[in-house]
Amino acid sequence: MTVERTLSIIKPDAVAKNVIGQIVARFEGAGLKVAAAKLVQLSRAEAEQFYAVHAARPFFKDLVDFMVSGPVFIQVLEGEGAIAKNRDLMGATDPKKAAAGTIRADFAESIDANAVHGSDAPETAAVEIAFFFPGLNVYSR
């Protein structure tokens, strides 16, 4: 398998529950390494720009409102098959449909407050990582 990088966001609901460490431990336990990380409060403009692909969708305003409702923990995860591994660890977007033991099954409350975000493809990961970590300030092990 190829070593990849993926963007992971621990969303405001999970940050408020104080479970950042538990979630990061799951990523590390699965063989992913944290290459960059920061705790930030997104501005409305940043959230709108990041989620611009969903701008025409009916949930866009609620998504942006949620993402600016509190701090988020943004990280770049690195490892073999990092994108698929991250998505498996997260579980289904709707926590009611997420497999037992996944992050969303354990920490998410709803399809809207679903604890985490992860890139869905290598191209998306590259764009998302560059959005939050521009330049060469991402550590490579």
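Everything numeric here is computed off the predicted structure, so don't read it as measured data.

## Remarks on the overall build of the protein chain
Stage number 1. In terms of helices and strands, the protein chain carries seven helices and four strands.
Stage number 2. In the protein chain, the succession of helices and strands from N to C terminus is β-α-α-β-α-α-β-α-α-β-α.
Stage number 3. Taken over the C-alpha trace, the protein chain has a radius of gyration of 14 Å; the compact-globule value for 141 residues is 14 Å, and the two agree within 12%.
Stage number 4. Every one of the 141 residues in the protein chain was classed for burial, and the buried ones make up 46%.
Stage number 5. A separation threshold of at least 6 residues defines the contact pool for the protein chain, and within that pool the share at least 24 residues apart is 77%.
Stage number 6. Of note, the protein chain has its 15 positive side-chain charges centred 2 Å away from the centre of its 17 negative side-chain charges.

## Section: the UniProt feature "active site" (unreviewed entry) in the protein chain
Stage number 1. Following the UniProt record, one finds the feature "active site" (unreviewed entry) at H117.
Stage number 2. Within the fold, H117 resides in strand 4 (residues 116-118).
Stage number 3. Judged by its relative accessible area of 13%, H117 falls in the buried class.
Stage number 4. Ignoring sequence-local partners within four residues, the contact set of H117 consists of L7, S8, I9, K11, F50, Y51, N86, M90, R104 and E128.

## Notes on the sheet that holds strand 3 (residues 72-80)
Stage number 1. Pairing within the open sheet is antiparallel, and its four strands lie in the order 2-3-1-4. One side of each edge strand has no neighbouring strand; the edge strands of this open sheet are strand 2 (33-40) and strand 4. The average angle at which neighbouring strand axes cross in this sheet is 20°, direction not considered.
Stage number 2. Note: strand 1 (residues 3-10) against strand 3, eight bridges, orientation antiparallel. Each bridged residue has a counterpart across the sheet, and for R5 the counterpart in strand 3 is E78.
Stage number 3. With respect to the sheet, helix 2 (residues 20-29) is in contact with strand 1, strand 2, strand 3 and strand 4, its orientation differing from that of strand 3 by roughly 10°.

## What about the packing of aromatic side chains?
Stage number 1. All told, the structure shown has four aromatic pairs when counted by the stated rule.
Stage number 2. Ring geometry for F50 against F131: centres 5.4 Å apart, planes inclined by 50°, an arrangement best described as tilted. With F50 in helix 3 (residues 44-50) and F131 in helix 7 (residues 122-132), this pair connects stretches of sequence that are 81 residues apart.
Stage number 3. By relative accessible area, which is 12% here, F50 ends up buried.
Stage number 4. Ring geometry for F50 against F132: centres 4.9 Å apart, planes inclined by 50°, an arrangement best described as tilted. Here F132 lies in helix 7 and F50 lies in helix 3, a separation of 82 residues in the sequence.

## With respect to the side chain of K11
Stage number 1. Structurally, the position occupied by K11 is in the loop between strand 1 and helix 1 (12-16).
Stage number 2. In this structure K11 is buried but unpaired, with D13 as the nearest side chain of opposite charge at 6.8 Å.
Stage number 3. Within polar-contact distance, the side chain of K11 engages the side chain of N114 at 2.7 Å.
Stage number 4. Contact partners of K11, with chain neighbours within four places excluded, come to Y51, F66, M67, P71, V72, N114, A115, V116 and H117.

## Quick word on the environment of T2
Stage number 1. Mapped onto the secondary structure, T2 falls in the segment before strand 1.
Stage number 2. Residue T2 is classed as exposed on the basis of its relative accessible area of 56%.
Stage number 3. Between the C-alpha atom of T2 and that of E80, which follows or precedes it by 78 residues, the distance is 5.2 Å.
Stage number 4. Once residues within four sequence positions are removed from consideration, T2 is found in contact with G79, E80 and G81.

What counts, and at which threshold
Starting from 1, residues in each chain are numbered consecutively following that chain's sequence as written. For this predicted model, a pLDDT threshold of at least 70 governs which residues receive local features, and a threshold of 80 or more governs which side-chain atom pairs are given and counted, while totals over whole chains, interfaces and linings are taken from all residues. By convention in this description, side-chain values take in all heavy atoms of the structure and omit both hydrogens and water. Secondary structure follows DSSP: runs of H or I at least 4 residues long count as helices, runs of E at least 2 residues long count as strands, and numbering of each begins at the N terminus. Based on C-alpha atoms, the radius of gyration is set beside the globule rule, defined as 2.2 Å times the residue count to the power 0.38. Partly exposed residues are those whose accessible area sits between 20% and 50% of the maximum for their type, while under 20% is buried and over 50% is exposed, using a 1.4 Å probe and protein chains only. Note on contacts: a residue pair qualifies if any of its non-hydrogen atoms lie within 4.5 Å across the two residues. We count Lys and Arg on the positive side and Asp and Glu on the negative side, and we leave His and both chain ends out. Note that the charge is assigned to NZ on lysines, CZ on arginines, CG on aspartates and CD on glutamates. UniProt positions are given in the numbering used here, feature names are shortened, and annotations may be inferred rather than shown by experiment. Pairing between strands is defined by DSSP: at least two bridges between them are needed. Axes here mean lines fitted to C-alpha atoms, for a helix over just the part in contact, with angles spanning 0 to 180 degrees between N-to-C directions. Only the six-membered ring of Trp is used, alongside the rings of Phe and Tyr, when aromatic pairs are assigned; centres must lie within 6.5 Å, and planes under 30 degrees apart are stacked while those over 60 apart are edge-to-face, with the rest tilted. By salt bridge we mean one thing: a side-chain nitrogen of Lys or Arg within 4 Å of a carboxyl oxygen of Asp or Glu. Nitrogen and oxygen atoms within 3.5 Å of one another constitute a polar contact, given that in protein one can donate a hydrogen and the other can accept it, and given that sequence-neighbouring residues count only through two side-chain atoms.

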